[in-house]
Amino acid sequence: MINVTKTYLPDINKYKKYVDKIYASNYLTNYGPLVQELEEKLKSYLGVKNLILVSNGTLALQVAYKALQLKGEVITSPFSFVATASSIIWENLKPIFSDIDPLTFNIDPAKIEEKVNEFTSCIVPVHVFGNPCEVDKINCVAQKYNLKVIYDAAHAFGVKLNGQSVLNFGDISTLSFHSTKVFHSIEGGAIIVQDDDLAKQIRLLINFGIPGPDRVISLGINAKMNEFQAAMGLCVLEDMDLIFQERKTIWENYYNELKGSFEMQVLHANGSNNYNYFPVLFENEEKMLRVRAALNAKDIYPRRYFYPSLDNLEYINANSPCKHSRNVSSRILCLPIYPGLDLNVQNIIVSTLKDNFN
Ligand SMILES: *Cc1c(COP(=O)(O)O)cnc(C)c1O
């Protein structure tokens, strides 16, 4: 069975060495030595100033909203994983969807302004499939109306824009290290913050508001990463060159085989690619479903990322339908891509797509 992704597992002996360290130190969580080591290594690997590890990418978003004391309405993308919007509601904020650019799949910066009103406190764009947003244009709108910007960068590990980390834009960026992502720590995530004081507050927020023994100085939650997660992260981080190289080969093979025949995401001209996903657009939903059925018959399971478009969710009373997001969502498939994906399997996927093209 071939799925859209397969979790990368590092050499087990490497992981065992870290587990031995954890057993020797008896230090399992609470900002332990491995979490500290992973934070330092990720800061230099990614090229960011303040990075706080957390237990998952959804809590990273929730803590970010709390840290910036958001109120009222938050403008976000309807074309994303459900956590982008559900985390907003969980924090008692109202998500307001602003439609995407149908070519880049990212929030269309030209449309954001229409959604701003006296209740708006923040914009939460998503670098969809790692494709950098138009950060300058988003920043202009934010400045004009005094709004915060939090990038859901769950897909953007290692991505650069104009030669620097895409995580350095906005007030905060959040990462997910879920095992389906390009870099993982089983479950996990990170909060990247520009402001040093805010970084200190976030450290408190993720640890119950406890700065040390006998003191509780603010409201907080438990969002700490543990040592076993950090150990996995340290092992995977060592193999990133290999992971990116293998993904790149698969990505380019798909691209060369399918370009011209299928619509694809238009990538930012000054952005780099982390080869996390390979989305393909079909002419319509019916054709997409036909190709999916043909692949499923061969035990190959691409995924409809992202379906449904979040403005369709019943528990969210969406302001107005986002037609581009709904349209892209209805006819997109993400093809299997992961280190170790067999070239023969890739050829079967490509030929199945081409056979069902007309
Ligand atoms: C994976 C993902 C999340 C959630 O991350 P978890 O670590 O699974 O909680 C949030 N936003 C987007 C866009 C994602 O793809």
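Procedures and definitions
Residues numbered from 1 in each chain as written. Predicted model: local features only at pLDDT ≥ 70, side-chain atom pairs only at ≥ 80, totals over all residues. Heavy atoms only, no water. Patch = residues over 30% accessible without salt bridge, like charges linked within 9 Å, V, L, I, M, F, W, Y side chains within 5 Å. Areas by Shrake-Rupley, 256 points an atom, 1.4 Å probe, with all protein chains shown as cover. Salt bridge = Lys/Arg side-chain N within 4 Å of Asp/Glu carboxyl O. Helix = DSSP H or I, 4+ residues; strand = E, 2+ residues; numbered from the N terminus. Contact = heavy atoms within 4.5 Å. Axes fitted to C-alpha atoms, helices over the stretch in contact; angles between N-to-C directions. Parallel < 35°, antiparallel > 145°, perpendicular 65-115°, else oblique. Left-handed = near helix turned anticlockwise from the far one by under 90°. Near = heavy atom within 4 Å. Nonpolar A, V, L, I, M, F, W, Y, C, P; charged D, E, K, R; others polar. Buried < 20%, exposed > 50% of the residue type's maximum accessible area, 1.4 Å probe, protein only. Phe/Tyr/Trp six-rings, centres within 6.5 Å; stacked < 30°, edge-to-face > 60°. Lys NZ or Arg CZ within 6 Å of the ring centre and 35° of its normal.

A.B. asks: Give a description of a nonpolar patch on the surface that names residues and reports values.
C.D. replies: On the surface, Phe208, Ile210 and Val216 cluster together into a nonpolar patch covering about 260 Å² of accessible area. Within the secondary structure, Phe208 sits in the loop between helix H7 (196-205) and helix H8 (227-238).

A.B. asks: Could you give an account of the environment of Val345, naming the residues involved and the relevant values?
C.D. replies: Checked against the element boundaries, Val345 lands in helix H12 (residues 343-355). It is 20 Å that separates the C-alpha atoms of Val345 and Val182, two residues lying 163 residues apart in sequence. Once you skip the residues sitting within four places of it in the chain, Val345 turns out to touch Ile2 and Ile300.

A.B. asks: Describe the packing of helix H9 (residues 240-258) against H12, naming the residues involved and giving the relevant values.
C.D. replies: Interaxial distance between H9 and H12 falls to 11 Å at its minimum, and their mutual angle equals 25°. In terms of axis orientation, H9 runs roughly parallel to H12. The handedness of the crossing between H9 and H12 comes out as right-handed. Contact with H9, carried on its side by Ile250, Asn253, Tyr254, Glu257 and Leu258, involves Leu343, Gln346, Asn347, Ile349, Val350, Leu353 and Lys354 of H12 and no other residues of that element.

A.B. asks: Let's hear about the site of the ligand: which residues, and what values?
C.D. replies: In the vicinity of the ligand lie 14 residues, with Thr58, Asp152, His155, Ser176 and Lys181 positioned nearest. Protein chains bury 93% of the 380 Å² of accessible surface belonging to the ligand in isolation. Listing elements by their share of the shell around the ligand, those giving two or more residues are helix H3 (57-67) and helix H4 (83-90). The class makeup of the residues in the shell around the ligand is three nonpolar, nine polar and two charged.

A.B. asks: Describe H4, and please don't skip the residues or the numbers.
C.D. replies: Of the positions making up H4, those classed as buried are Ala83, Thr84, Ala85, Ser87 and Ile88. Those residues of H4 that are buried lie in contact with H3, strand S3 (73-76), strand S4 (94-97), strand S5 (120-124) and strand S6 (148-152). The first or second residue beyond H4 is Asn92, which carries a positive phi of 60°.

A.B. asks: Which residues make up the packing of aromatic side chains, and what values go with them?
C.D. replies: Within the structure shown, the criterion is met by 17 aromatic pairs. Centroid distance Phe79 to Phe105: 5.8 Å. Interplanar angle 70°. Geometry classified as edge-to-face. Of this pair, Phe79 sits in the loop between S3 and H4 while Phe105 sits in the loop between S4 and helix H5 (109-115); the two residues are 26 residues apart in sequence, bridging distant segments of the chain. Neither Phe79 nor Phe105 differs from the other in exposure class; each is buried. Residues Phe79 and Phe129 carry aromatic rings whose centres are separated by 6.2 Å and whose planes lie at 85° to one another, so their mutual orientation is edge-to-face. Of the two residues, Phe79 is situated in the loop between S3 and H4 and Phe129 in the loop between S5 and helix H6 (135-145); the sequence distance between them amounts to 50 residues. The same class applies to Phe79 as to Phe129, namely buried. Put simply, the rings of Phe79, Phe105, Phe129, Tyr277, Tyr305 and Phe306 touch in pairs and so form one group of aromatic residues. A cation over an aromatic ring shows up here: Lys181 above the ring of Phe81, its NZ or CZ 5.9 Å from the ring centre.

Any functional reading would require information beyond the geometric quantities listed.
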